[in-house]
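Inside the fold
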Amino acid sequence: MRNGKQRSRIQNERVLPSKLAVNFPTEDIVLVTASPVIKAVTNFKQVSKVLEEFDVEEQPSTVLENRFPNIKVIESGVKQLKSEEHCIFTEDGRQHAYRKLCLCAGAKPKLICEGNPYVLGIRDTDSAQEFQKQLTKAKRIMIVGNGGIALELVYEIEGCEVIWAIKDKAIGNTFFDAGAAEFLTSKLMSEKSEAKIAPKRTIYTIEGARKENRSKAKADNVGSALGPDWHGGLDLKGPQEFSHSIHIETRCEVKKIYLQEEFKITKKKPLAFPKHQDKSVTLDKEMWPVYVELTNGKIYGCDFLVSATGVTPNVQPFLHGNNFDLGEDGGLKVDDQMRTSLPDIYAAGDICTACWQPSPVWQQMRLWTQARQMGWYAAKCMAAASLGHPIDMDFSFELFAHVTKFFNYKVVLLGKYNAQGLGSDHELMLRCTRGQEYIKVVMQNGRMMGAVLIGETDLEETFENLILNQMDLSSYGEDLLDPNIDIEDYFD
Ligand SMILES: Cc1cc2nc3c(=O)[nH]c(=O)nc-3n(C[C@H](O)[C@H](O)[C@H](O)COP(=O)(O)OP(=O)(O)OC[C@H]3O[C@@H](n4cnc5c(N)ncnc54)[C@H](O)[C@@H]3O)c2cc1C
Ligand SMILES: NC(=O)c1ccc[n+]([C@@H]2O[C@H](COP(=O)([O-])OP(=O)(O)OC[C@H]3O[C@@H](n4cnc5c(N)ncnc54)[C@H](O)[C@@H]3O)[C@@H](O)[C@H]2O)c1
């Protein structure tokens, strides 16, 4: 790569080409993308050692090309990879040789009923706009799934009845335990129930049962995925005059979706939208385009469904003829240098499955933050490999750290925030002020392993340090969460 004539061709990922372009100003860096726009990270803020906050902005590819003259953007989807020949074929009929390649083709929504026109997925700008368009005419929709997209939608949608069907007993299972879910549900169900109660320390067991004392817990081509605040520019409003109208069906999945004509023949009885606090069951007289039968036996009519049921890595265009090792979740397995199992091919972001021995307080989640960090680190690894230099694992993989917003609360997740993989040998400590803050820490052998911080707690930096330095905190006991103790001073 030292010779300017040799080429390094890189698949998509905004961070990665710019990092390479800086490292190798005399090389050709080629960004091949199916998307007509480049997603750029803007307003980047390093909140603490590992926590980052940023916006994501769509920019024309010329912005990148003007800024880095050795980057060339090719706007065409990759339809085939021939790894042995070190080349890719794009939909515009061209062939591109590479010396090193990084695959960053993201993921696709994993829909509950692929191909059904009444089941929408949300991934990119086009699918979000299609959803918005359909919503303007919808009187009732069903949202299936209990992760990031569902949490954002149920809070944002107005003027349309929403039936939220979740597999779990509490909301937001990919981010929260039952305690945090309860804190958020009260906000969702009544924006007015903001009355503060005295701060109270409570301990939750893994099952979420409340105890007053500390206890051992038993414990096709896709566009770029939308980024933080993706709904900010969309008016998620149905045609009706009310703001929120949400009914949650817990512990159920979708059993069958019927079209109107098909449903009429079944003679099954759909339920009306349950009105707030009305326990009586009423049958629905209205006609709907689709009817959804849930595994709990209930049937609801609606205009359409949103399947917010996770993602699957977008590996398909690259598999034919290439013997990649795949992870259990279908991603391209990458090692601690972001290398796939095939020579000179790296991968980063949603498409890959991290297969290195992770730090005890890090796990992979398909998030913008990790896609950015992986893209950055993959570029470093590619550069180091070309120069024959050794490279250490990037610091950002020492600790899982994610900052986001749910229900208008700032949410910070650190380390093993849901005690993932810790077994039953851990304790949870909690401080909660309804409508204001929810703080949970996960402790094991006196060490802090993870934390959930909801609201403006100002604790992220201190907790991040405590998790990273694995200090023995046994002697501090419950003082750790005492609202009258300034914990930052404590550990200075
Ligand atoms: C609605 C929504 C909201 C989200 N909100 C957040 C959030 O608030 N915070 C957060 O951290 N994460 C969020 N995420 C997750 C985050 O967007 C993804 O984790 C992140 O975008 C992954 O980055 P990536 O570069 O791996 O993939 P992507 O951003 O999906 O980029 C993949 C790129 O590859 C291109 N591509 C695909 N196939 C081909 C091909 N065959 N040839 C050429 N190019 C191809 C695509 O056009 C795209 O440009 C959200 C996701 C969604 C869907
Ligand atoms: N603020 C944020 O950080 C944020 C916001 C939106 C999306 N995202 C990310 O975008 C991606 C897509 O979001 P998402 O919400 O679709 O995925 P997700 O992984 O966050 O959640 C998927 C949910 O679907 C449920 N599920 C899976 N299969 C199901 C089925 N057959 N029936 C019913 N439920 C099922 C899972 O239990 C889980 O609750 C994820 O990587 C997510 O982390 C992040």
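In short, a report on the structure. No experiment lies behind these values; they were computed from the predicted model shown.

Some remarks on the overall build of the protein chain
In terms of regular secondary structure, the protein chain is built from 10 helices and 30 strands. By the burial criterion, 41% of the 492 residues in the protein chain qualify as buried.

Thoughts on the site of ligand 2
Neighbouring ligand 2 are 21 residues; G145, N146, G147, G148 and R366 lie closest to it. Residue contributions to the shell around ligand 2 peak at four residues, all from helix α4 (residues 148-156). For the shell around ligand 2, the residue count by class is eight nonpolar, nine polar and four charged.

Comments concerning the environment of G415
Tracing the backbone shows G415 in strand β27 (residues 409-415). Sequence-wise, G415 and E286 are 129 residues apart; in three dimensions their C-alpha atoms are separated by 48 Å. Sequence-distant contacts of G415, defined by excluding residues within four places in its chain, comprise V361, L399, F400, M449, G450, A451 and I467.

Notes on the sheet that holds strand β17 (residues 246-249)
Taken together, five strands build an open sheet; the order of strands is β11-β21-β12-β13-β17 and the sheet is parallel. If you trace the sheet from one side to the other, it starts and ends with β11 (119-120) and β17, each paired once. Pairing of strand β12 (residues 140-144) with strand β21 (residues 304-307), which is carried by four bridges, proceeds in the parallel orientation. Bridge pairing in β21 links M142 to L305.

Things to note about the sheet that holds strand β19 (residues 290-294)
Read from one edge of the open sheet, three strands run β18-β19-β20, paired in antiparallel fashion. The open sheet is flanked by β18 (254-259) and β20 (299-302), the only strands paired with a single partner. When the angles between neighbouring strand axes are averaged without regard to direction, this sheet yields 25 degrees. Direction of pairing for β18 relative to β19: antiparallel, over a ladder of five bridges. Paired with Y258 across the two strands is Y291, which belongs to β19.

Looking at the packing of helix α1 (residues 15-23) against helix α8 (residues 368-387)
In the contact formed by α1 and α8, the axes pass within 8 Å of each other and the chain directions differ by 30 degrees. When the interaxial angle is binned, α1 and α8 end up roughly parallel. As for the relative orientation of α1 and α8, their crossing is right-handed in sense. Together, V15, L16, K19, L20 and N23 of α1 and R372, G375, W376, A378, A379, K380, M382 and A383 of α8 make up the contact between the two elements.

Observations concerning α4
Counting buried positions over the nine residues of α4 gives seven, a clear majority of the element. Buried within α4 are the following residues: I149, A150, L151, E152, L153, V154 and Y155. Next to the buried residues of α4 lie β12, β13 (161-165), α5 (178-189), β17, β21 and β26 (401-406).

Regarding the environment of N116
Relative to the helices and strands, N116 resides in the loop between β10 (107-109) and β11. Considering only alpha carbons, one finds N116 and R99, 17 residues apart in sequence, at a separation of 41 Å.

Some thoughts on the environment of S386
Its place among the elements puts S386 in helix α8. Look at S386 and you get partly exposed, because 19 C-beta atoms sit within 10 Å. Each C-alpha atom of the pair S386 and D344 lies 9.9 Å from the other, and the pair is 42 residues apart in sequence.

With respect to the nonpolar core
With 85 residues, the main nonpolar core has I141, M142, I143, C302, V306 and L414 as its most contacted residues. In this structure, this core is formed jointly by two domains, domain 2 (119-195 + 220-307) and domain 3 (401-490), each of which donates at least three residues. In contact with I143, not counting residues within four places along its chain, are A150, L153, V154, V162, W164, V306 and A308. Grouped together as the second largest cluster of nonpolar side chains are 44 residues, I29, V30, I88 and A378 included.

Observations regarding the pairing of β12
Counting buried positions along β12 gives five out of five residues, so the element sits mostly inside the fold. With burial as the criterion, each face of β12 is covered, one bearing R140, M142 and V144 and the other bearing I141 and I143. In this sheet, β13 lies alongside β12 in parallel orientation, the contact comprising five bridges. Along β13, the bridge assignment pairs M142 with I163. As a crossover connection, the stretch from β12 through α4 into β13 is right-handed.

Some thoughts on unusual backbone geometry
Its identity as a non-glycine residue notwithstanding, R251 has a phi of 50 degrees, on the positive side. Looking at where R251 falls in the secondary structure, it is placed in the loop between β17 and β18. Positioned with a positive phi, K267 is a non-glycine residue whose angle comes to about 60 degrees. Here K267 lies in the loop between α6 (260-266) and β19.

The rules behind these values
Just so you know, the residues in each chain are numbered from 1, in the order the chain's sequence is written. Labels are handed out in written order, letters beginning with A for the chains and numbers beginning with 1 for the ligands. Note on the predicted model: pLDDT of at least 70 is required for a residue's local features to be given, and 80 or more for side-chain atom pairs to be given and counted; whole-chain, interface and lining totals, by contrast, use all residues. Strands are runs of DSSP state E lasting at least two residues, helices are runs of H or I lasting at least four, and both sets are numbered from the N terminus onward. Residues are called buried when their C-beta atom has 20 or more other C-beta atoms within 10 Å, exposed when it has 12 or fewer, and partly exposed otherwise; all C-beta atoms are positioned from the backbone. Being near a molecule or strand means, for a residue, that its backbone-placed C-beta atom lies within 6 Å of it. Basically, the charged four are Asp, Glu, Lys and Arg, the nonpolar ten are Ala, Val, Leu, Ile, Met, Phe, Trp, Tyr, Cys and Pro, and anything else, Gly included, counts as polar. Residue pairs qualify as contacts under a 7 Å threshold applied to their C-beta atoms, which are placed from the backbone. Strand pairing is defined by DSSP finding a minimum of two bridges between the two strands. What counts as an axis is a line fitted to C-alpha atoms, over the stretch in contact for a helix, and the angles between N-to-C directions run from 0 to 180 degrees. For classification purposes, angles smaller than 35 degrees are called roughly parallel, those larger than 145 roughly antiparallel, those between 65 and 115 roughly perpendicular, and all remaining angles oblique. The handedness criterion is simple: a crossing whose near helix is rotated anticlockwise from the far helix by less than a right angle is left-handed, and one whose near helix is rotated clockwise is right-handed. By definition, a nonpolar core groups buried Ala, Val, Leu, Ile, Met, Phe, Trp, Tyr and Cys residues that connect through C-beta atoms lying within 7 Å of each other. An automatic or database domain assignment supplies the residue ranges for each domain. The definition of a right-handed crossover adopted here requires that, viewed with the strands pointing away, the path from the first strand over the helix to the second runs clockwise.

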